[in-house]
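Letter by letter, the chains look like this.
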Protein chains: 2
Amino acid sequence: MRSIDNSTELNNSTLASSELQDNRSNAPVVKLCPHSAGVSCGSCRLNELCLPIALSEGEMQQLDDIVERNRPYKKADHLYRHDEFRSIFAVRSGSFKTYVLSSSGSGRVTGFYLPGEIIGMDGIADRTHANSAVALEHASICEIPFSQLESLSLKLPSLQHNFFSILGAEITKDQKIHTILSSYSAEQRIASFLLGVSSRYARVGLSPTRFHLPMTRGDIGEYLGLTVETVSRLFTALQKKGLISVDNREIALLAKDELRAIVGADEL
Amino acid sequence: MRSIDNSTELNNSTLASSELQDNRSNAPVVKLCPHSAGVSCGSCRLNELCLPIALSEGEMQQLDDIVERNRPYKKADHLYRHDEFRSIFAVRSGSFKTYVLSSSGSGRVTGFYLPGEIIGMDGIADRTHANSAVALEHASICEIPFSQLESLSLKLPSLQHNFFSILGAEITKDQKIHTILSSYSAEQRIASFLLGVSSRYARVGLSPTRFHLPMTRGDIGEYLGLTVETVSRLFTALQKKGLISVDNREIALLAKDELRAIVGADEL
DNA sequence: CGTAGTGTTGAATTGAATCAAGTGTCGTGG
DNA sequence: CCACGACACTTGATTCAATTCAACACTACG
């Protein structure tokens, strides 16, 4: 029922609206919790990590006008499937994974997206998403129709600049993963992954040393080119070494420097 | 003398200019061989694969005005090192590889760039190139200063659109490699790589079935996360199966369909 | 409270790496 | 033009890290 294949998209009209309802009607004036659907770019807690960086108030308003804030997604809801490209999405709360179903059946995870990050740039070139995106937990997003973003970028130099930067950052990130997958051992991959998640949480103001992993060990394995078993074994091994503590999906990084030493250098 | 580390950059004032000299002074009117330094975007054989797609003549002229056509690079010359970002580059002839020197010393190749392809997008986000780029053979490029490209993109919607597409294509490509590295066997990686090179040559009008590889087996190995020995063995094995013919770096694809069958699906 | 999905652990297997010893190729200088 | 030296490439034998196969424990939700 909750598998990737047969979940109904966006079927949360009755169920999931409850926790959001209370915020719907207020016009927010200060930065709001990003779970809120009533948030605007100007009031969003994440606006300095997202497209609006360095935009004036008036410019932000123009961006705000093209942003669509859909109802929230629940676990296993698809944000998009491998299909027509229309928008890019900014994660406001929760998390997503993107994946491709290889012809041989089994999927491979191509990315995880946490709050403040942008999904869907894989569709820009071909006007077709190369992968599918699915919520790992309750999540909300801002949808930014691409053609409108293009038009607006012509008018707002800062927005164009920001979007170029975001695309460039995605390229840099993907190339870092390339290096990781082509040369790191399983232990290095896991250490790198944990450090990467850590700094991504830190970016949005959450603890870089204690966090919850929204994805399964299997997801992590597919992402890093390892099997579930290997991921599990390494979590255990790193815990035994005292570098991390693992309680199911609750992770604490106890010795970041030693994790960095394992990786040798950069994070994921 | 010709190693990555100690080559002098751009020291080809006397040596390499000879083969280009003859074209320097003519004002070209029809599409020229891309080796020519006298080429303009309007007359470039590759203009329909590059930034100018769908630009009007006047627009193309404006783009042309910001493009710098440097003197050619010879084998092992660096286009840029892991350092300050200023420009992106379009390969006009020859080929380049990009690589990072991992902290543990040994480098990893992150990409190969053939004529009609764009290098340097890894520097957009941080204003610092994440990797270094070096010529694999005699090569020439068009340098496009990024800040000028940004300015011009604000004025020319088609140019902005093209550049978004090019960035998006790089992202899609990198994610495909992610899948390859995280789930393909050595044989699948090599088959995928050869098919990928094939279609990239086809794109610029060269034979998709007989081509020259500008990179070493070692480069291919670093790129695909394999050792030289494995690459070599698999070239031999695929030849024994009759799927390819290998003569040093001259490759012929004899049975593309069977190569595709090995990969299972998409190319690199 | 049962069932499906998730996670752990152990033992056996294997694909690719490593180690090792060559041969082939190309550019350079004598 | 040939000989030299530096890379580039190949092939074989051995090793090892991670996968595969297998059995079981946890947990969380309907």
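Please read these numbers as outputs of a predicted model, since none were measured by experiment. (Residues numbered from 1 in each chain as written. Chains lettered and ligands numbered in written order. Predicted model: local features only at pLDDT ≥ 70, side-chain atom pairs only at ≥ 80, totals over all residues. Heavy atoms only, no water.)

Peer 1: It is not clear to me how the sheet that holds strand β7 (residues 140-145) of chain A should be interpreted in this structure. Could you clarify?
Peer 2: In any sheet, the strands associate via hydrogen bonds between backbone groups, in a parallel or an antiparallel arrangement. Residues and elements named next belong to chain A. In spatial order, the strands read β5-β2-β7; together these three strands make up an open sheet with antiparallel pairing. Both edges of this open sheet fall to β5 (118-119) and β7, since each of them pairs with a single strand only. In this structure, strand β2 (residues 87-93) lies alongside β5, joined through two bridges in antiparallel fashion. Its bridge partner being in β5, Phe89 is matched across the sheet by Ile119. (Pairing = 2+ DSSP bridges. Helix = DSSP H or I, 4+ residues; strand = E, 2+ residues; numbered from the N terminus.)

Peer 1: Help me understand the interface of chain B and chain A in this model?
Peer 2: By convention, interface size is frequently given as the accessible area that disappears when the constituent parts associate. Taken together, the 42 residues of chain B in the interface contact 42 residues of chain A. Note on chain B versus chain A: buried area summed over both sides is about 3,600 Å², and carbon and sulfur give 61% of it. Taken as a group, B:Phe164, B:Gln175 and B:His178 account for 19% of the area that chain B buries against chain A, more than any other trio of residues on that side. Our enumeration of links across chain B and chain A arrives at zero salt bridges. Joining chain B to chain A, the criterion identifies ten residue pairs in polar contact (both at pLDDT 80 or more). For the side of chain B that touches chain A, the secondary-structure elements that each account for two or more residues are β4 (107-113), α3 (146-155), α4 (157-183) and α6 (217-224) of chain B. Per element, the largest residue contribution to the side of chain B that touches chain A is 20 residues, and it comes from α4(B). (Contact = heavy atoms within 4.5 Å. Buried area = accessible area lost by both parts, 1.4 Å probe. Salt bridge = Lys/Arg side-chain N within 4 Å of Asp/Glu carboxyl O. Polar contact = N/O pair within 3.5 Å; in protein donor to acceptor, adjacent residues only side chain to side chain.)

Peer 1: Just checking my understanding: could you explain unusual backbone geometry for this structure?
Peer 2: Most peptide bonds adopt trans geometry, and most residues besides glycine take a negative phi value. Phi at A:Arg127 is positive, roughly 60°, even though this residue is not glycine. Mapping A:Arg127 onto the fold places it in the loop between β5 and β6 (132-135). For A:Arg127, a relative accessible area of 32% translates into the label partly exposed. In this model, B:Ala76 sits at a positive phi of 75°, which is unusual for a non-glycine residue. Look at B:Ala76 and you get buried, because its relative accessible area is 9%. (Buried < 20%, exposed > 50% of the residue type's maximum accessible area, 1.4 Å probe, protein only.)

Peer 1: Help me out: how do you make sense of the side chain of B:Glu59 in this one?
Peer 2: Residue and element names in this part refer to chain B. Structurally, Glu59 is set in helix α2 (residues 57-66). It turns out Glu59 is buried and unbridged, and the closest side chain with the opposite charge, Lys155, is 11 Å from it. Polar contacts involving the side chain of Glu59 include one to the main-chain amide nitrogen of Ser56, which spans 2.8 Å. Once residues within four sequence positions are removed from consideration, Glu59 is found in contact with Ala54, Leu156 and Ser158. (Lys, Arg positive; Asp, Glu negative; His and termini not counted.)

Peer 1: Even after reading the chapter, I still don't get the protein's contact with DNA strand C, so can you show me in this structure?
Peer 2: Around DNA strand C, the surrounding shell holds 17 residues, and the nearest of these are A:Arg217, A:Ser232, B:Ala186, B:Thr230 and B:Arg233. Here DNA strand C approaches the protein such that, of its atoms within 4 Å, sugar and phosphate make up 64%. Contact distances for DNA strand C include 2.6 Å between a phosphate oxygen and a backbone N or O atom of B:Ala186. Within the side chain of B:Arg233, a nitrogen or oxygen atom sits 2.8 Å from a base oxygen of DNA strand C. (Near = heavy atom within 4 Å.)

Peer 1: Can you walk me through the pairing of strand β10 (residues 250-253) of chain A in this structure?
Peer 2: The side chains of a regular strand alternate, residue by residue, between the two faces of the sheet. All names here are of chain A. As defined by bridge partners, strand β8 (residues 210-212) adjoins β10 across three bridges and the pair is classed as antiparallel. Paired with His212 across the two strands is Glu250, which belongs to β10. Bridge count for strand β9 (residues 244-247) against β10 is four bridges, and the pairing is antiparallel. Directly across from Ile244, in β10, lies its bridge partner Leu253. Here β9 folds back onto β10 in antiparallel fashion, the turn holding two residues, of which Asn248 has a positive phi close to 55°.

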